[in-house]
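# Structural features, examined
In case you want the letters, here they are:
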Amino acid sequence: MSLALDKPRSPRRPAARRGNGELYSWLFMRLSGLLLVILVLGHLFIMNILDGGIHRINFGFVAGRWASPFWQFWDLAMLWLAQIHGGNGVRTIINDYARKDATRFWLKMLLYVSMVLIIALGTFVIFTFDPNISN
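On a predicted model such as this, the values are computed, not experimentally measured, just so you know.

Calculation criteria
Residues numbered from 1 in each chain as written. Predicted model: local features only at pLDDT ≥ 70, side-chain atom pairs only at ≥ 80, totals over all residues. Heavy atoms only, no water. Helix = DSSP H or I, 4+ residues; strand = E, 2+ residues; numbered from the N terminus. Buried < 20%, exposed > 50% of the residue type's maximum accessible area, 1.4 Å probe, protein only. Contact = heavy atoms within 4.5 Å. Core = buried A, V, L, I, M, F, W, Y, C linked by side-chain atoms within 4.5 Å. Phe/Tyr/Trp six-rings, centres within 6.5 Å; stacked < 30°, edge-to-face > 60°.

Within the element layout of this structure, Ile126 appears in helix α4 (residues 101-128). We classify Ile126 as buried; its relative accessible area is 5%. Separated by 54 residues in sequence, Ile126 and Gln72 place their C-alpha atoms 6.4 Å apart. Residues within four places of Ile126 in sequence aside, it is in contact with Trp66, Gln72, Asp75 and Leu76.

With that settled, consider the nonpolar core. Leu36, Leu39, Trp74, Ala77, Met78 and Leu81 together form the largest nonpolar core, which totals six residues. Secondary-structure elements contributing two or more residues to this core are α1 (21-49) and α3 (69-97). Residue contributions to this core peak at four residues, all from α3.

Turning our eyes to something else, we now look at the packing of aromatic side chains. For the structure shown, the criterion picks out six aromatic pairs. With a centroid separation of 4.8 Å and 80° between ring planes, the pair formed by Phe70 and Trp71 is classed as edge-to-face. Among the residues examined, Trp71 registers a relative accessible area of 22% and is labelled partly exposed. Seen from their ring centres, Phe70 and Trp74 are 5.8 Å apart, and the 50° between their planes marks the pair as tilted. Taken as a pair, Phe70 and Trp74 lie in helix α3 at a separation of four residues, close to a single helical turn. A residue is classified by how much of its surface remains accessible, and Phe70, at 49% relative accessible area, is partly exposed. Three or more aromatic residues joined by ring pairs make a cluster, and in this case those are Phe59, Trp66 and Phe129.

By themselves, these figures tell us nothing about what the structure is for.
Here is the structure:
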């Protein structure tokens, strides 16, 4: 009398052969998250608490701030890191929860296109902002 066990079910799709992409993605999430905390808390402190807080924020304040390459880079770094960090998180969620390959593909394409559009538009606004509005 021998006790035989059935073979376990094979996965629906074979495990992907991955390089170090997921490791780099994981590392990026940790480093970008840390940098984003510093950038965002600095931004909130400057905009909401320092020198009268939100009552001083208007078009002139933004124009003066973006006249400096330092603040342009600060806001650009927040934009890029937030978009890529958030997009990477949503990509992970799509990979975890989308069951069909076609659904996964189209959701990720929609995500990538929206990320590129938001990054491009935000970068364009930061670098082409003109404080001299003419009527």
